[in-house]
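# Observations on chain architecture
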Amino acid sequence: MAEKIIMPKTGMAMEEGVIIEWFIKEGDVVSQGDIVAEIETDKSSMELESDYDGTILKIVHPAGTTVPVVKVIAWIGEPGEEIPEEDEAEPKAEEASPAEAAPAAAAPAVPASAPKTAKADMIGDRVKATPAARRVAGEKNVNLADIEPSGKHGEVREADVMAAPAVTATPLAARVAADQDISLSEIAGSGHAGKIFKADLTALSGMSGAVDEAFVPNYQDELVDLTKIQQITGKRMLQSHTEIPVVTENAKADVTELLAMRKSLNESLDVKISINDFVLLATARMLRLNPRMNASLAGNNQLLYKGRINLGMAVATPKGLLVPVIKDADMYSITGISAAARELSVKGREGKLQMDEMEGGTFTVSNVGMFGVTSFTPIINQPEAGILGVCAVEDKLAMVDGEVVVRKEMGLSLTFDHRVVDGAEAAIAIKTVKDFLEAPLTILA
Amino acid sequence: MRDITYAQAINEAMSEEMRLDKNLIFIGEDIGVYGGAFGVSKGMFEEFGPERVKDTPISEQVITGCAAGASMTGLKTIAEMMFSDFMTLAMDQLANQAAKNRFQFGGQGAVPMVLRAPGGSGTGAAEQHSQSLEAWVAHVPGLKVVIPSTPADAKGLLKASIRDNNPVVFLEQKLLYRQKGPVAEIGEDEIIPLGKADVKREGKDVTIITYGRMVPRSLKVAEDLAKEGIDVEVVDIRTLVPLDKEALIKSAKKTGKVLVVHEACQTGGFGGELVSVVVESDAFFYLDAPVKRLGGLDVPIPYNPNLEAQVVPTEEKITAAIKNLL
């Protein structure tokens, strides 16, 4: 059987290499370990050894050509041996004039095999297969629907799956494929031993003509109705954004000690207090100390200082953004506010919030830290004076006692209505929250 | 090792145990001077005398009831029933008395008895003397159920049954009484514990789970199929209760294809239990074909010898069933 000499992949980042020089020509006899070519990558040049004994049957790419990694650059085998047709045809496309070669070279993925003639029987939308076949298909990451069945009743059996080539893919590629309903076994991966990367899938979807239409995800425009909640949210967002002169101030809080205290509390009390619970409580305490942040405009000439501190918390739900309110948030203990917040967010996600649970807010906290956001400008929930955006916790190097140590730092983004609060007052407010978080015992005091 | 018959192996097991334990007695119809309907007890009357090898009236209820009573009150008993079909007459003593005693007395009661009874067709004994009724007794908690397929198994399992403190129904196979096989020398004490299956033939393509007379028949089929390149594993469960589930599951996982064979009528037969053990276990995920049962036809055993041969699993039927799995 003719064997391939491929463009080696010498590093994770290597995508293509240049054949600087061939040391052999077609018809030459080489031994395993003989140097056959010099290859240049973006980092260095290297000598390419033959992995096989045999005769050079064909040099697919002449010296000077740039070739994607793992693509065939030459064939080796017995004199007169046939070169596999399918594989020979593939690199030919890349040999075309430079202008044409570019798109082909950028698209490493092509269907791995010709369409199957026989397909398994279906039971509804399930492939008819034995339990053993299902187990092995799962282990090999093979799609049962692509396997030719040998069972007497049209079912796929274990041996059929065993005979199918294993498909390996990165977890991300597997997920993308599942999302887009692409069968991994139809993809030729660009990685080692055909491992499929996400790029192979995206390359596939971007190629028209070069790929069978059946393999291209069908992306189409779609018009959907906004939910009632989304419509209301949209109106209120626009109103808030156009009516209020907003300023956002960003700060960072060192939460190393807070994280340690949270861990200790959770372990000793067997609870699940989140960082956000501490932020809620710290914010509630801050509002008691900075009443102007808990106020709102009453007409053009008056300010209404609200007596109760009712803290809204933004919850992303399947139907849209909801802001349930923790009433008298400053009266809670940390475990109490944690339980209250959890109950409201669960209700929110399940669509079970009552109207009175979303009314009466005096200030809002919005947390997108879990998504890694480091700073943002939340929109104020009118008629409140401000909204505190909670950002991600990140590692930060700091000097402590002359030593470099890792500290945990969380971003805070306070957006406020400048008609109600001045910049300095807001800065004091955000600093108050920061101080609470950095000395977490004071939140509990 | 020497070759002796299945009947001789049973005789040796009883005789050796009676020599070891003076409290062990043996009762049944025509087991004394006559030596047993199938000649199993030849020589025992002469060796152990009329007090320990006792002929009984023709009443299976009496035989079983006496055995249970004697065993509850300090003796150990082997009772022989001439044909296992007559367990019908002894069922109250067996199922309601012998099997329940230990449980009724909070584990303090013990009924160390063995009810030996031959079963199976193939001798022209017709519908009332040819049945395979193991499923009836396997369904009664408190009874252990043993069906040996070779002389060595018969000897080793009978010795274990005699030493067991619970009632054991030891179902012998009429058609195997004259079969010879290698058995350990007398006195070598080859005990085979109850609840251990035996892989009689290793194979990789398909598993036959079976017991009793169907074991040699399945082995013959396996040898024939080996010539066609089909590698059959034959698992002899040997004891129905307690059942060696692990052995069945292991073999099913190994081959992925399972055929259960028994002579008893298929409907309500013990094969259904064996199939359940396999499909309820994680062997399910290794199955590469539906698990197949091959039992006897749901008819009384006919007197006509041609029909009699056809109502139970034949070599041809077993072969066809295996090929259908592959």
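Residues numbered from 1 in each chain as written. Chains lettered and ligands numbered in written order. Predicted model: local features only at pLDDT ≥ 70, side-chain atom pairs only at ≥ 80, totals over all residues. Heavy atoms only, no water.

Its place among the elements puts B:Asp224 in helix H8 (residues 214-226). Along the chain, B:Asp224 and B:Thr319 lie 95 residues apart, while their C-alpha atoms are 8.9 Å from each other. (Helix = DSSP H or I, 4+ residues; strand = E, 2+ residues; numbered from the N terminus.)

Inspection of every chain in the model, using the stated rule, returns five aromatic pairs over all chains. Here the aromatic rings of B:Phe38 and B:Tyr177 are separated by 5.2 Å at their centres, their planes lie at 35°, and the arrangement is tilted. Of this pair, B:Phe38 sits in the loop between strand E2 (24-28) and helix H2 (44-48) while B:Tyr177 sits in the loop between strand E7 (168-173) and strand E8 (180-183), placing them 139 residues apart in sequence. Ring geometry for B:Phe83 versus B:Phe86: centroids 6.2 Å apart, planes at 85°, classification edge-to-face. Among the residues examined, B:Phe83 registers a relative accessible area of 13% and is labelled buried. Chaining the aromatic ring pairs together yields one cluster made of B:Tyr6, B:Phe38, B:Phe83, B:Phe86 and B:Tyr177. One Lys or Arg, A:Arg135, reaches over the ring of B:Tyr286 and ends 3.7 Å from the middle of that ring. (Phe/Tyr/Trp six-rings, centres within 6.5 Å; stacked < 30°, edge-to-face > 60°. Buried < 20%, exposed > 50% of the residue type's maximum accessible area, 1.4 Å probe, protein only. Lys NZ or Arg CZ within 6 Å of the ring centre and 35° of its normal.)

All names here are of chain B. With mixed pairing, seven strands are arranged side by side in an open sheet as E3-E2-E4-E5-E7-E6-E12. Only two strands of the sheet have a single neighbouring strand rather than two, namely strand E3 (53-55) and strand E12 (239-241). Averaged over all pairs of adjacent strands, the angle between their axes in this sheet comes to 20°, without regard to strand direction. As paired elements, strand E4 (residues 76-80) and strand E5 (residues 113-119) share four bridges and run parallel to each other. Bridging from a neighbouring strand, Glu80 pairs with Arg116 of E5. Contacts between helix H3 (residues 60-72) and the sheet are confined to E2, E4 and E5, with E4 contributing the most and set at about 170° to the helix. (Pairing = 2+ DSSP bridges. Axes fitted to C-alpha atoms, helices over the stretch in contact; angles between N-to-C directions. Contact = heavy atoms within 4.5 Å.)

All names here are of chain B. With respect to the helices and strands, Ser71 occurs in helix H3. Looking at Ser71, the relative accessible area reads 3%, which means it is buried. In this structure the side chain of Ser71 is engaged in a polar contact, spanning 3.3 Å, whose partner is the backbone oxygen of Pro112. (Polar contact = N/O pair within 3.5 Å; in protein donor to acceptor, adjacent residues only side chain to side chain.)

This paragraph deals with the interface of chain A and chain B. Taken together, the contact between chain A and chain B spans nine residues of the former and 11 residues of the latter. Summing the contributions of chain A and of chain B, the shared interface buries around 810 Å²; its carbon and sulfur component is 44%. Along the contact surface separating chain A from chain B lie 10 residue pairs in polar contact (both at pLDDT 80 or more). Here the element with the most residues in the side of chain A that touches chain B is helix H3 (residues 131-140) of chain A; it accounts for four residues. Here the residues of the side of chain A that touches chain B are counted per class, giving four nonpolar, one polar and four charged. (Buried area = accessible area lost by both parts, 1.4 Å probe. Nonpolar A, V, L, I, M, F, W, Y, C, P; charged D, E, K, R; others polar.)

Here the focus is the packing of helix H9 (residues 245-255) of chain B against helix H10 (residues 270-280) of chain B. Two numbers describe a pair of packed helices, the interaxial angle and the distance between the axes. Residues and elements named next belong to chain B. Direction vectors running N to C along H9 and H10 enclose 65°, while the axes themselves pass 9 Å from each other. Our pair here, H9 against H10, has a crossing hand that is right-handed. For the pair H9 and H10, contact is made by Lys245, Leu248, Ile249 and Ala252 and by Leu274, Val277 and Val278, respectively. Grouping the amino acids of the contact of H9 with H10 by side-chain chemistry returns six nonpolar, no polar and one charged. (Left-handed = near helix turned anticlockwise from the far one by under 90°.)

So, on to the environment of A:Ile337. Residue and element names in this part refer to chain A. Among the secondary structure elements, Ile337 is positioned in helix H10 (residues 334-349). Owing to a relative accessible area of 0%, Ile337 belongs among the buried residues under this scheme. The spatial distance from the C-alpha of Ile337 to the C-alpha of Leu281 is 7.0 Å, given a sequence separation of 56 residues. Beyond its immediate stretch of four places on either side in the chain, Ile337 contacts Asp277, Leu280, Leu281, Ile326, Ala329 and Tyr332.

The next point concerns the UniProt feature "domain: Peripheral subunit-binding (PSBD)" (unreviewed entry) in chain A. Look at the UniProt record and you will see "domain: Peripheral subunit-binding (PSBD)" (unreviewed entry) annotated at residues 128-165 and 168-205 of chain A. Here residues 128-165 of chain A runs as 42% helix and 0% strand, with 20 Å between its end C-alpha atoms. (UniProt positions renumbered as here; feature names shortened; annotations may be inferred.)

Let us look at the pattern of salt bridges. Where charged atoms from two side chains of opposite charge come close, those side chains can pair. Residue and element names in this part refer to chain B. What the rule picks out here adds up to 45 salt bridges over all chains. We note a salt bridge from Asp224 to Lys220, for which the minimum N-O separation is 3.0 Å. You can see Asp224 and its partner Lys220 sitting in helix H8, four residues apart, about one turn around the helix. On the basis of relative accessible area, Asp224 is assigned to the partly exposed category, the value being 29%. Relative accessible area serves as the criterion here: at 38%, Lys220 is assigned to the partly exposed category. (Salt bridge = Lys/Arg side-chain N within 4 Å of Asp/Glu carboxyl O.)

Turning to the pairing of strand E20 (residues 403-417) of chain A, a few remarks are in order. Residue and element names in this part refer to chain A. Two strands pair when backbone bridges link them, and strand E11 (residues 246-254) and E20 are joined in this way by nine bridges, in the antiparallel orientation. When the sheet's bridge partners are listed, Ala253 is paired in E20 with Met410. Note: strand E19 (residues 386-400) against E20, 13 bridges, orientation antiparallel. Residue pairing across strands places Lys396 opposite Arg407, the latter belonging to E20. Hairpin connection, E19 to E20: the antiparallel pair is bridged by two residues, and Asp401 has positive phi, about 55°.

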